[in-house]
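The chain contents come next:
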There are 2 protein chains.
Amino acid sequence: MEKSSITKATLGRLPHYLQLLRELSVDDVPYISATVIAKKLSLGEVQVRKDLSAVSGSGRPKVGYKTADLIKSVEAHLGQGDMTNAVLVGAGKLGKALLEFDDFEDYGVKIIAAFDCNQNPIKYNRSIEILPMNDFDEFCKKNNVRIGIITVGTGSAQNVCDRMVESGITAIWNFAPCNLEVPDGILLKQERLALSLAHLNNQLSNM
Amino acid sequence: MEKSSITKATLGRLPHYLQLLRELSVDDVPYISATVIAKKLSLGEVQVRKDLSAVSGSGRPKVGYKTADLIKSVEAHLGQGDMTNAVLVGAGKLGKALLEFDDFEDYGVKIIAAFDCNQNPIKYNRSIEILPMNDFDEFCKKNNVRIGIITVGTGSAQNVCDRMVESGITAIWNFAPCNLEVPDGILLKQERLALSLAHLNNQLSNM
C-alpha cells in the first residue's frame, strides 16, 4: 500500500479513526462513510472527508469506504505493522522522559535502544537498554535503524548527528537548541521547545 | 513599547539579533541597517528586513534603525526586562528536563516553581523549589503567574488545567497527550511530541 505525505494535523487524527474502525465489526459494517465517522467522533465532516481521502482516496459515492480496506490504509499511514526503528542518544532527563512516552509506537516508531557516553550497558526498562557510544555504529547497522533522536547538549549535537548519518540513519529529530548540518537526502526535524513557549508568551502579551 | 504578534520563525532569530546588537557599542554604531545585520549573521537580507520591521517598524531610509531603539524593541518582543512568571505541574522526568532548559529565560519566561502531588517542598536547584499542590493556588496568585506548564499524565491533565485557570493562569502549555478544555480567553498550546516524530516517520516513508 502506497503511503502519501499527509499533514501533521491529519496524522494526529488517524489514531482516533483507527480506534473507532477497529471497534466496529467488519461483518456488521462492511462499508462506512465519512459522514458516519464524523458524527461518531464529533468532528467536522469536511475535515474527516479530507483526512480519509488523503489516506485512502475517495470512497464510493453514497456507500463510503470498505471498512476493512480503510483500516489497512490508516494502519499503513501510521506505519503500523511496519515499525520504524529509532535510537536515542543522550540518556539524560529529557532522553529518559522520551523513553517513557508510550505513544510513539501508535505512530509506527519504536525506540529500540538509547546510547550515552561512557555508559556501561544497563537495562533501562523491560524493552530498552542504554548502551555505550562505542556500540553505536554496529548496533544501528545491524538493526536497520532509520531514525535518530538527539537529546545531548549543544556541544556534542553535531558530532552525534554525524555519527548517526555515518551509521545509516536517514531521519534525525534534534532537541539540542542548535542548528545542525546534514548532507542532502537526510531529513532533519529541529525541535525547539523554547520557541513554543516563547510563542505562547508573545501571544499572551498581545491579549 | 507595543509588542506585535510575530511568527515563531522570527522569534527564533531575535536572540541572535539581540546578541549582535549588544556586542556593538551604541556610541560607535548609533544606527544600523538590516543589510549590515544580515551580512554579520549570514542571513538573507529580505528575511532580516522582514523580521526587524515586524518588531520595530521600518528603519529610516539609507540609515537604518537607531541601534539603542532596536535593542529595546527586540528585548520587548523577547519579553526581557518584563519576565513572565510560569509554573510547571508534574515533576517527573519530562517536567524535570524542562526545569533544566536554560533558554526559556532568553525568551522572557521564567519558571519560578514546580508542583507535584503529595510532595514535601524540596529545593530542586538554585532557583527552583518543587512544592505540594496544596500551595498551588496561593502561590500562583501571590506571584502573578501567567503561564502554566502541564507535564502530568493524561489522567490528571484536565484537573491540573482547571486548577491553573482558577488560579489566574491565562496561558497553558500542555504536554499530556490529550485535548484539554479551557474557557474562552485562555490560551492553550498543545505540545504533541509524538506527532513530530510521526510526521518525520511519514516523510521518511515517502522518500
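Residues numbered from 1 in each chain as written. Chains lettered and ligands numbered in written order. Predicted model: local features only at pLDDT ≥ 70, side-chain atom pairs only at ≥ 80, totals over all residues. Heavy atoms only, no water.

Looking only at helices and strands, chain A has 8 helices and 9 strands in total. Projected onto its principal axes, the C-alpha coordinates of chain A cover approximately 60 × 50 × 35 Å. The buried share of chain A, reckoned over its 207 residues, is 49%. Considering only contacts within chain A whose residues lie at least 6 apart along the sequence, 57% involve residues at least 24 apart. Summed over its atoms, the accessible surface of chain A is roughly 10100 Å², and 46% of this surface lies on carbon and sulfur atoms. Averaging the positions of the 23 positive and the 24 negative side-chain charges in chain A gives two centres separated by 6 Å. (Helix = DSSP H or I, 4+ residues; strand = E, 2+ residues; numbered from the N terminus. Buried < 20%, exposed > 50% of the residue type's maximum accessible area, 1.4 Å probe, protein only. Contact = heavy atoms within 4.5 Å. Areas by Shrake-Rupley, 256 points an atom, 1.4 Å probe, with all protein chains shown as cover. Lys, Arg positive; Asp, Glu negative; His and termini not counted. Charge placed at Lys NZ, Arg CZ, Asp CG, Glu CD.)

For the pair chain A and chain B, the superposition axis carries a translation of 0.0 Å, the fit reaches an RMSD of 0.2 Å, and the rotation angle comes to 179 degrees. Both copies of the chain, as the preceding transformation shows, are related through a two-fold rotation axis. When the interface residues of chain A are mapped onto chain B, 100% of them are again interface residues, pointing to one common binding face. (Least-squares fit on C-alpha atoms with pLDDT ≥ 70 in both.)

As a further point, take the interface of chain A and chain B. In this complex, chain A contributes 51 residues to the contact, which on the side of chain B involves 51 residues. Taken over both partners, the interface formed by chain A and chain B buries close to 4800 Å², and the fraction arising from carbon and sulfur atoms is 68%. When the area that chain A buries against chain B is broken down by residue, the three leading residues are Lys 93, Leu 197 and Leu 200 of chain A, summing to 14%. Residue Glu 100 of chain B is joined to Lys 93 of chain A by a salt bridge in which the shortest nitrogen-to-oxygen separation is 2.7 Å. In this assembly, chain A and chain B are joined by 17 residue pairs in polar contact (both at pLDDT 80 or more). Contributions of two or more residues to the side of chain A that touches chain B are made by α1 (8-23), α5 (93-99), β8 (171-174), β9 (187-190) and α8 (193-205) of chain A. Looking at which element gives the most residues to the side of chain A that touches chain B, the answer is α8 of chain A, with 13 residues. Across the side of chain A that touches chain B, the residue classes tally to 25 nonpolar, 16 polar and 10 charged. (Buried area = accessible area lost by both parts, 1.4 Å probe. Salt bridge = Lys/Arg side-chain N within 4 Å of Asp/Glu carboxyl O. Polar contact = N/O pair within 3.5 Å; in protein donor to acceptor, adjacent residues only side chain to side chain. Nonpolar A, V, L, I, M, F, W, Y, C, P; charged D, E, K, R; others polar.)

Okay, the pattern of salt bridges next. All names here are of chain B. A full pass over the atoms with the stated rule returns 12 salt bridges over all chains. One salt bridge in this structure joins Arg 163 and Asp 137, with 3.0 Å as the shortest N-O distance. On the criterion of sequence distance, the pair formed by Arg 163 in helix α7 (residues 154-166) and Asp 137 in helix α6 (residues 136-142) is long-range, its members being 26 residues apart. For Arg 163, a relative accessible area of 27% puts it in the partly exposed group. Of the residues examined, Asp 137 reaches a relative accessible area of 21% and is grouped as partly exposed.

Turning to the domain arrangement of chain A, a few remarks are in order. Each domain of chain A was delimited in the assignment, giving domain 1 (8-77) and domain 2 (84-197). For domain 1 of chain A versus domain 2 of chain A, the separation of C-alpha centres amounts to 33 Å. (Domains from an automatic or database assignment.)

A separate point is the nonpolar core. Counting residues in each nonpolar core, the largest one holds 97 residues, and the members touching the most others are Ile 37 and Ile 147 of chain A together with Ile 37 and Ile 147 of chain B. Those residues within four positions of Ile 147 of chain B in sequence are excluded, and the remaining contacts are Leu 197, Leu 200, Asn 201 and Leu 204 of chain A together with Thr 84, Asn 85, Ala 86, Val 87, Val 109, Ile 169 and Ala 171 of chain B. (Core = buried A, V, L, I, M, F, W, Y, C linked by side-chain atoms within 4.5 Å.)

With that out of the way, let us pick up the environment of Leu 99 of chain A. All names here are of chain A. Take Leu 99: it is sitting in helix α5. Spatially, the C-alpha atoms of Leu 99 and Thr 154 are 20 Å apart, while their sequence positions differ by 55 residues. Setting aside its immediate chain neighbours within four residues, Leu 99 contacts Leu 88, Ile 111, Ala 114, Tyr 124, Asn 125 and Ile 128.

Turning our attention to the sheet that holds strand β6 (residues 129-132) of chain B. Residues and elements named next belong to chain B. The sheet built from 7 strands is open, its strands ordered β5-β6-β4-β3-β7-β8-β9 with mixed pairing. Each of the sheet's edge strands pairs with one partner strand only, and the pair in question is β5 (122-123) and β9 (187-190). Here 2 bridges tie β5 to β6, and the two strands are oriented antiparallel to one another. Each bridged residue has a counterpart across the sheet, and for Lys 123 the counterpart in β6 is Glu 129. Of the strands in this sheet, β3 (84-89), β7 (147-150) and β8 (171-174) touch α7, which is tilted by about 170 degrees from β7. (Pairing = 2+ DSSP bridges. Axes fitted to C-alpha atoms, helices over the stretch in contact; angles between N-to-C directions.)

A few words now on unusual backbone geometry. All names here are of chain A. Backbone geometry places Asn 144, a non-glycine residue, at a positive phi of 50 degrees. Tracing the backbone shows Asn 144 in the loop between α6 (136-142) and β7 (147-150). What makes Asn 144 exposed here is its relative accessible area of 53%.

A word on the pairing of strand β3 (residues 84-89) of chain A. Residue and element names in this part refer to chain A. Summarising burial for β3: 6 of the 6 residues are buried, a large majority. Alternating residues of β3 divide into Thr 84, Ala 86 and Leu 88 and Asn 85, Val 87 and Val 89, and every residue in both groups is buried. Each parallel crossover has a hand, and the one from β3 via α5 to strand β4 (residues 109-116) is right-handed. Two elements, β3 and β7, share 4 bridges in a ladder whose sense is parallel. (Right-handed = clockwise from strand over helix to strand, strands pointing away.)

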